[in-house]
Amino acid sequence: MTSSLVSPRQAHRARGISIIGAGHVGLVTAACFAELGHRVTCMDIDANRINDLRHGVMPFHEPGLPELVERHAPERLTFTTEYEEAVRGADFVFLAVATPTTAFGTPDLQYVRAAARDVARAVNGKRPFLVSKSTAPVGITDTLESVLTSEANGHGPLQVVANPEFLREGTAVRDFLKPDRVVIGSPHAEASEAVGELYEPLGAPIIYTDIKTAEMVKYASNAFLATKISFINEIAEICERVGADVRDVARGMSLDKRIGKHFLNAGIGFGGSCLPKDVKALSHLAAVYGSHPQLLNAVLEINLEQRRRLIARLRDMLGSLRQAKIGLFGLAFKPETDDVRDAPALDLIRMLEYEEATIRACDPAAADAARIVFPTLHVEADPYEAAQDADAIIIATEWQQFKDIDLARLRQVMRTPIIADGRNVINGDEARRLGFVYFGIGLPDETTVRNARRVVA
Ligand code: NAD
Ligand code: UGA
């Protein structure tokens, strides 16, 4: 459980903290600050979510979070839908509302602006520091200060701090309590120092900057992670053509300390609520300022191409995908989450539906979330059911359940034994021994296509 994951020292001074937004960042931040000994109120406009949280029901799957919430609610951690209640007596108000992508690729800032406005209106008496954790284009946190000033309800302006969040879904509690670094950007020394004090017990380096630099650190970090993934995916394609193994290439590269081992897993590319959104937002921001962000655009293009290439290989093998039965293993954008926002699997579903394939999906956590996007999607709880009579299975998310799949049993239930391993988690040699046609991403398989034609004929 959480306490064995981390052992941060408790804060020496309990402060009043209000968190606006009970989502992946807000709820984790709230529970973790409570763990550090502070009095936390978590506020959301979604009344159902707040009602559920008051009854201990989590709005999403995040390991370690239910235990933390249970440990601290309601003594140190309370939930509300009211701004006044959230902000009353708070020393800090953290904004952790969503900044989703618009159809145009720019971040939708309506939630951040509305939250800042409503905080300003609700403050009465004591003036808290306003700390933004939402990822928003460089310059936005500055503009919040003017929103806060113009909407001030008889009180003076609130001091604003940008404090980007770097947690990952699936390991969010650990990432928050054991961060690699904390970034705090503000022109107000008093506000910066006060926010810094909150994080001191975590023992991580704290970088103090101006607001724009802090915002840029966040975008640049996510863009760099996305770039590493698209880089290794481009290398993977070259590996396939020349007959090299991208897994060993990545291992060989990673022993160079300057390169490192993380984010070099080739596959069907990155998804989730942040990497795609933030690379698009940074690219747009660059263009608005007159820059030509060629690398960022290539990162996005390569990422989408990973999905297209997997579908194209399957189509080549089966002749056509029309009426092909496809077992789709994985819907979440990564394991240990039920989040399907921008999940690669959703792109695969769109492409397969376009080609009139029949899909049976399976995911241990994300079935309900996927059905919100595709109400008629056929989802099985059991992967062998999803693979029944299938012409191929695609591995889109590397859940442990799929890594541990019984290949012999899988072989028995499938009509055509093809495995398209979008995450390189299946033992290809064993699969081939059992009669499968197997392909991964960036793996040497000169005979795959030829063999597949034989199997399918
Ligand atoms: P989310 O969608 O999970 O949660 C956002 C919450 O804010 C929702 O519960 C929503 O009801 C609530 N909300 C919206 N408008 C509100 C308002 N005016 N007042 C109060 N509540 C309101 O979003 P998230 O994934 O937690 O992301 C929040 C921000 O943090 C985004 O900018 C994101 O880019 C950034 N971020 C996310 C992650 C992540 O792993 N998800 C990591 C780092 C940074
Ligand atoms: C990412 C960043 O890692 C966090 O630091 C950041 O705070 C967060 O975005 C955010 O700003 O919201 P997250 O989206 O939770 O976190 O997930 P990641 O672990 O980064 O994975 C993102 C995607 O990249 C997943 O689809 C994953 O499958 C894919 N990925 C990751 C690869 O394809 N290859 C890899 O080597 C690593």
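What comes next concerns the included structure. Each chain carries its own residue numbering, running from 1 in the written order of its sequence. Think of it this way: whatever chain is written first is A, whatever ligand is written first is 1, and the rest follow in order. Only residues with pLDDT of at least 70 get local features here, since the model is predicted, and only at 80 or more are side-chain atom pairs given and counted; chain-wide, interface and lining totals rely on the full set of residues. Water and hydrogen atoms play no part in the side-chain values, which are based on all heavy atoms of the structure.

## Digging into the sheet that holds strand β13 (residues 418-421)
Hydrogen bonds between backbone atoms are what pair the strands of a sheet, whose relative direction is either parallel or antiparallel. Here, strands pair whenever DSSP counts at least two bridges between them. Counting from the N terminus, the helices are the DSSP runs of H or I reaching at least four residues and the strands are the DSSP runs of E reaching at least two. Ordered by their spatial adjacency, six strands build an open sheet running β11-β10-β9-β12-β13-β14, and the pairing between neighbours is parallel. Because the sheet does not close on itself, it has two edges, and the strands there are β11 (379-380) and β14 (437-439). On the sheet, helix α14 (residues 344-354) packs against β9 (325-329), β10 (358-362) and β12 (392-395) and is oriented at approximately 175 degrees with respect to β9. What makes two residues a contact is simply this: any of their non-hydrogen atoms within 4.5 Å. A fitted line through C-alpha atoms serves as each axis, taken over the contacting stretch for helices, and the angle formed by two N-to-C directions is quoted from 0 to 180°.

## Thoughts on the site of ligand 1
Neighbouring ligand 1 are 28 residues, the closest being D44, Y83, T99, T135 and K277. What qualifies as a polar contact is a pair of N or O atoms within 3.5 Å, subject to a donor-acceptor requirement within protein and to the restriction that residues adjacent in sequence count only when both atoms come from side chains. In the environment of ligand 1, an oxygen atom lies 3.1 Å from a nitrogen or oxygen atom belonging to the side chain of R49. E169 has a polar side-chain atom sitting 2.9 Å from a nitrogen atom of ligand 1. For accessible areas, the Shrake-Rupley method is used with a probe of radius 1.4 Å. Any residue's cover is judged against the shown protein chains and nothing else. In isolation ligand 1 offers 840 Å² of accessible surface; the protein chains occlude 90% of this area. Where the shell around ligand 1 is concerned, the elements lending two or more residues are α2 (24-35) and α6 (110-122). Classifying every residue of the shell around ligand 1 gives 12 nonpolar, seven polar and nine charged. Near residues are defined by distance, with any heavy atom within 4 Å of the molecule or strand qualifying the residue. Side-chain classes follow a simple rule in which Ala, Val, Leu, Ile, Met, Phe, Trp, Tyr, Cys and Pro form the nonpolar group, Asp, Glu, Lys and Arg form the charged group, and the remainder, Gly included, forms the polar group.

## Examining the site of ligand 2
Around ligand 2 sit 21 residues in total, of which F166, L167, E169, K218 and C274 are the nearest. Between ligand 2 and F166, the relevant distance is 2.8 Å, taken from an oxygen atom to a main-chain nitrogen or oxygen of the residue. Contact between ligand 2 and K218: an oxygen atom at 2.7 Å from a side-chain N or O atom of the residue. Broken down by class, the residue content of the shell around ligand 2 amounts to 10 nonpolar, four polar and seven charged.

## Considering the pattern of salt bridges
A pairing counts as a salt bridge when a side-chain nitrogen of Lys or Arg comes within 4 Å of a carboxyl oxygen of Asp or Glu. One pass over the structure, following the stated rule, counts 26 salt bridges. Here D347 and R350 are joined by a salt bridge, their closest N and O atoms 3.2 Å apart. On the criterion of helical spacing, the pair formed by D347 and R350 is a turn pair, its members being three residues apart in helix α14. Working definition: with a 1.4 Å probe on protein chains only, accessible area under 20% of the residue-type maximum means buried, over 50% means exposed, and in between means partly exposed. With a relative accessible area of 16%, D347 lands in the buried category. What makes R350 partly exposed here is its relative accessible area of 43%. Its salt-bridge partner being D391, residue R415 comes within 2.9 Å of it at the nearest N-O pair. With R415 in the loop between α18 (407-413) and β13 and D391 in the loop between α16 (383-386) and β12, this pair connects stretches of sequence that are 24 residues apart. On the accessibility criterion, D391 (7% relative accessible area) is buried. Counted as one network, the salt bridges with shared partners bring together E237, E240, R241, R309 and R313.

## A few points about the packing of α6 against helix α7 (residues 140-150)
Remark: α6 packs on α7, axes separated minimally by 9 Å, with the N-to-C direction vectors making an angle of 35 degrees. Judged by the sense of rotation from one axis to the other, the crossing of α6 with α7 is right-handed. On α7, the residues that touch V112, R113, A116, R117 and A120 of α6 are I140, L144, V147 and L148. Tallied by class, the residues present in the contact of α6 with α7 amount to seven nonpolar, no polar and two charged. By the definition used in this description, the sense in which the near helix is turned from the far one sets the handedness, with an anticlockwise turn below a right angle giving left-handed and a clockwise turn giving right-handed.

## Some points on the environment of F129
Inspection of the secondary structure puts F129 in strand β5 (residues 129-132). A C-alpha to C-alpha distance of 9.9 Å links F129 and H188, two positions 59 residues apart in sequence. Sequence-distant contacts of F129, defined by excluding residues within four places in its chain, comprise D91, F92, V93, Q159, E190, A191 and A194.

## Some words on the packing of helix α13 (residues 294-318) against α14
One can describe the packing of α13 onto α14 by two numbers: an axis separation of 10 Å at closest approach and a directional angle of 45 degrees. Regarding the angle of α13 to α14, the classification is oblique. Two packed elements cross with a definite hand, and for α13 against α14 that hand is right-handed. Across from L304, R307, R308, L310 and I311 in α13, the residues of α14 making contact are P344, D347, L348, M351 and L352. Of the residues in the contact of α13 with α14, the class split is seven nonpolar, no polar and three charged. For classification purposes, an angle smaller than 35 degrees is called roughly parallel, one larger than 145 roughly antiparallel, one from 65 to 115 roughly perpendicular, and anything else oblique.

## Some remarks on the nonpolar core
Buried Ala, Val, Leu, Ile, Met, Phe, Trp, Tyr and Cys residues form a nonpolar core when they are joined through side-chain atoms within 4.5 Å. Grouped together as the largest cluster of nonpolar side chains are 67 residues, with contacts concentrated most on I326, L328, L331, I394 and L410. It is α14 that provides the largest number of residues to this core, a total of six residues. Not counting residues up to four positions away in its chain, the partners in contact with L328 are A345, L348, I349, I359, R360, A361, C362, I394 and A396. In this structure, L27, V40, F60 and I184 belong to the second largest nonpolar core, which totals 42 residues.

## Focus on the pairing of strand β8 (residues 206-209)
Examined bridge by bridge, strand β7 (residues 182-185) and β8 share four bridges and lie parallel to one another. If you follow V183 over to β8, its bridge partner there is I207.

## Concerning the state of the cysteines
Disulfides are defined as pairs of cysteine sulfur atoms found within 2.5 Å of each other. The final tally for this structure, using the stated rule, is zero disulfides. No disulfide involves C32; its sulfur sits 12 Å from that of C42, the nearest cysteine.

## As for α2
To estimate how far a helix should reach, multiply one less than its number of residues by 1.5 Å. Between its terminal C-alpha atoms α2 stretches 17 Å, which fits the 16 Å expected from 12 residues at 1.5 Å a residue. Within α2, 11 of the 12 residues are buried, which leaves it mostly tucked inside the rest of the structure. Within α2, burial applies to H24, G26, L27, V28, T29, A30, A31, C32, F33, A34 and E35.

Don't take any of this as a statement about function, it's just geometry.
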